[in-house]
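These are the residues of each chain, in order.
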Amino acid sequence: MTLSMSTILRRSLIHRRARSLSALVALTVSAGVATALLTLYADLDAKLHHEFRSFGANIVITAPASSALPQDALAKVRQVAGSDALVAPFAYAIATTDRGTPVVVAGTDFAAVKKLDASWAIENGAWPDPSDTQAALIGQRAANFIADEHAVKLTFAGKPLTLHGTGRIKTGGDEDSRIYIPLPAFTAWTGTTTSVIEVQISGNAQKIDAAITGLKSALPGMQVQPVRQLVEGESRIVDRTHTLMYAAVLLIALTVGVSVLATLSASVLERRRDFALMKALGGSQSQLISLFLLEAALLAFAGVIAGYIIGSALAWAISETNFGTASLPRIEVLPLVLLLNMAIAVMAALFPARVLRGLQPAALLKGE
Amino acid sequence: MRVLEETLSTPGTESVISLNAVTREYASHGNVVRALDSATFAINSGEWVAITGPSGSGKSTLVNMLGCLDRPTSGTLKIDGTDVASMSATELDRFRADKIGFIFQQFHLIPYLSAIENVMLAQYFHSMTDESEARVALEKVGLGARISHLPSELSGGEQQRVCIARALINNPPILLADEPTGNLDAANQKIVANLLGELHRYGHTIVMVTHDPEMAALAQRKIALSHGKVFCHPTSSSRMIRLQR
């Protein structure tokens, strides 16, 4: 049997289990919250971008008035925007319904729109099958202008077209007043080609700006515009969420710091006779302070282990509840959490360690 | 047992402690309090000296000096030939671990360490731990069967004997006992007194602070303190011999 610093530490922590537990709980809370927030923070951009994707395009490309987009515009956009971008072409014309009401008809690629505008609600039916060349999606309000949704009869410049509706679109926007049909059928019917391309870039405002620059360069003369509200809104929300998370981590760190400081201060005062004895037995100032700081560091380390597990589970639950997808534990947050907890523990231990410096063994051991 | 049987030095004229005009002053509420006033005396190697005096006489201050827990404001204090007044705090820590074995009135055992670990604690801060040596030290003070017990599982007398084993484990030339029997009943007081007597016979230098005239009478010499001033008296060792028998 030997008596080592680890034996002294272990026995001391077990002997004062209530105090040790109190400090451990505080440090576990700090590590847990930091782990949860940092895990969510790491996933935040991806999650928020995913959420924002459902709001549709963040870039709109149009031809200037009285001109059309080049034939190869769609291919160029797909090339510049990258494989993870969502791109949908649109062509517009005003046709007349069988009730004689003018209505905006849009030709598009349903498969692309379904991904781009995932928030569109389809009622009384479903998205058209991409292979169905005669399908139509009828806007909620546009449905009032047609006699039969199963046989949608439209006329453009005297040319009739009959399609079958597969469902109603409900977005709360302009889309509710339109009738969407497949782009090939639209082009064959109206002779009009793509006039608008909507693009959704996955990424932050900087990435969107870079894509706009690239698109402008690839399509000279065309109007490439960001959907300002969406881009800025996303950027603002991401920034605010980041700030909120930083503030929360800081607040928790401060609260836990105060709690650990109180616990460690009480611990030193409680054991000042033990430390005085160690000093009388020849323990140097640095040995005693090391012993005390190591104790705090050990608690911080144990807190990190427990906190990392709890925090990862918490992040998983929060992510699952709010974003519908789980945030998996991220090992890369562990060093940051460890650093934070060690900093809290050591900072909180520094003040009580000053008590050790001023220790008067003679007076304390005399019981004064 | 090495720590008990090894003769440290022959009692004689060699001074293991010597004070020359040692003064210790403290600042208190803007005033200077002289707790020890020009103390001059020497303690020879192997001597058993009792320090007596009423409360506030400067006993604790003197013990702090002799135990290297404090330094004089002025004067020369030599322990085992070394002037401790000029030592740094770190040097003093090391010196204290080498030269002084403490026996406290309130035992001061670490509550979460067993008897043997409490003895080994002194080894830990001195050099390195040696369980067999600590075990022998406890056997010699009659606690061979209680080495794994925590202080809370030991009687006051047993705790004091652990304290004595701890004080001896590093074989220091000086044992500094501050009211060693102050917290003990008559039976345990006798056991501890005999133990100190035995240590003295084996050549240990013992400096003992006590209020108890019976304990003081066991020492070879009394150093009486009053208002920070020192008065030295020789004393008979006959009572000590009687107690040991």
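Source: prediction; values computed, not measured.

Asker: Whenever I open this one, the environment of Arg272 of chain A confuses me. Can you help?
Answerer: Following the sequence through the fold, Arg272 of chain A ends up in helix H8 (residues 272-280). Between the C-alpha atom of Arg272 of chain A and that of Val355 of chain A, which follows or precedes it by 83 residues, the distance is 8.4 Å.

Asker: Looking at this model, I keep getting lost on the state of the cysteines. Mind explaining?
Answerer: What the rule picks out here adds up to zero disulfides over all chains. In this structure Cys68 of chain B is a free cysteine whose sulfur lies 17 Å from that of Cys163 of chain B, the closest cysteine sulfur available.

Asker: Teacher, can you tell me more about the domain arrangement of chain A here?
Answerer: Many descriptions give the size of an interface as the accessible area lost when the pieces come together. By domain assignment, chain A separates into domain 1 (5-51 + 235-365) and domain 2 (59-227). Computed over C-alpha atoms, the centres of domain 1 of chain A and domain 2 of chain A are 55 Å apart.

Asker: Looking at this model, I keep getting lost on the interface of chain B and chain A. Mind explaining?
Answerer: With 27 residues of chain B at the contact, the number on the chain A side is 31 residues. Taken over both partners, the interface formed by chain B and chain A buries close to 2,700 Å², and the fraction arising from carbon and sulfur atoms is 63%. Put simply, chain B and chain A have one salt bridge between them. Mapped onto the side of chain B that touches chain A, the elements with two or more residues apiece are helix H2 (59-66), helix H3 (89-99) and helix H4 (115-126) of chain B. Per element, the largest residue contribution to the side of chain B that touches chain A is seven residues, and it comes from H4 of chain B. Tallied by class, the residues present in the side of chain B that touches chain A amount to 14 nonpolar, six polar and seven charged.

Asker: In this structure, what is going on with the UniProt feature "transmembrane region" (unreviewed entry) in chain A? I would like to understand it.
Answerer: Residue and element names in this part refer to chain A. Under the feature "transmembrane region" (unreviewed entry), the UniProt entry names residues 21-42, 244-269, 290-316 and 336-356. With 100% helix and 0% strand, residues 21-42 has its two end C-alpha atoms placed 30 Å apart. Helix makes up 100% of residues 336-356 and strand 0%, whereas the separation of the span's terminal C-alpha atoms amounts to 30 Å.

Asker: Where do I start with a nonpolar patch on the surface in this structure?
Answerer: Together, Leu21, Val25 and Val29 of chain A make up an exposed nonpolar region whose accessible area comes to about 260 Å². Following the sequence through the fold, Val29 of chain A ends up in helix H2 (residues 17-53).

Asker: How do you make sense of the side chain of Glu295 of chain A when you look at a structure like this?
Answerer: Residue and element names in this part refer to chain A. As for its placement among the helices and strands, Glu295 is situated in helix H9 (residues 285-323). Look at Glu295 and you get buried, because its relative accessible area is 3%. Polar side-chain contacts of Glu295 include one of 2.4 Å to the side chain of Arg16. Not counting the four nearest positions on each side in its chain, Glu295 is found in contact with Leu9, Ser12, Leu13, Arg16, Ser267 and Arg271.

Cut-offs used in this document
- Residues numbered from 1 in each chain as written.
- Chains lettered and ligands numbered in written order.
- Predicted model: local features only at pLDDT ≥ 70, side-chain atom pairs only at ≥ 80, totals over all residues.
- Heavy atoms only, no water.
- Helix = DSSP H or I, 4+ residues; strand = E, 2+ residues; numbered from the N terminus.
- Disulfide = S-S within 2.5 Å.
- Domains from an automatic or database assignment.
- Contact = heavy atoms within 4.5 Å.
- Buried area = accessible area lost by both parts, 1.4 Å probe.
- Salt bridge = Lys/Arg side-chain N within 4 Å of Asp/Glu carboxyl O.
- Nonpolar A, V, L, I, M, F, W, Y, C, P; charged D, E, K, R; others polar.
- UniProt positions renumbered as here; feature names shortened; annotations may be inferred.
- Patch = residues over 30% accessible without salt bridge, like charges linked within 9 Å, V, L, I, M, F, W, Y side chains within 5 Å.
- Areas by Shrake-Rupley, 256 points an atom, 1.4 Å probe, with all protein chains shown as cover.
- Buried < 20%, exposed > 50% of the residue type's maximum accessible area, 1.4 Å probe, protein only.
- Polar contact = N/O pair within 3.5 Å; in protein donor to acceptor, adjacent residues only side chain to side chain.

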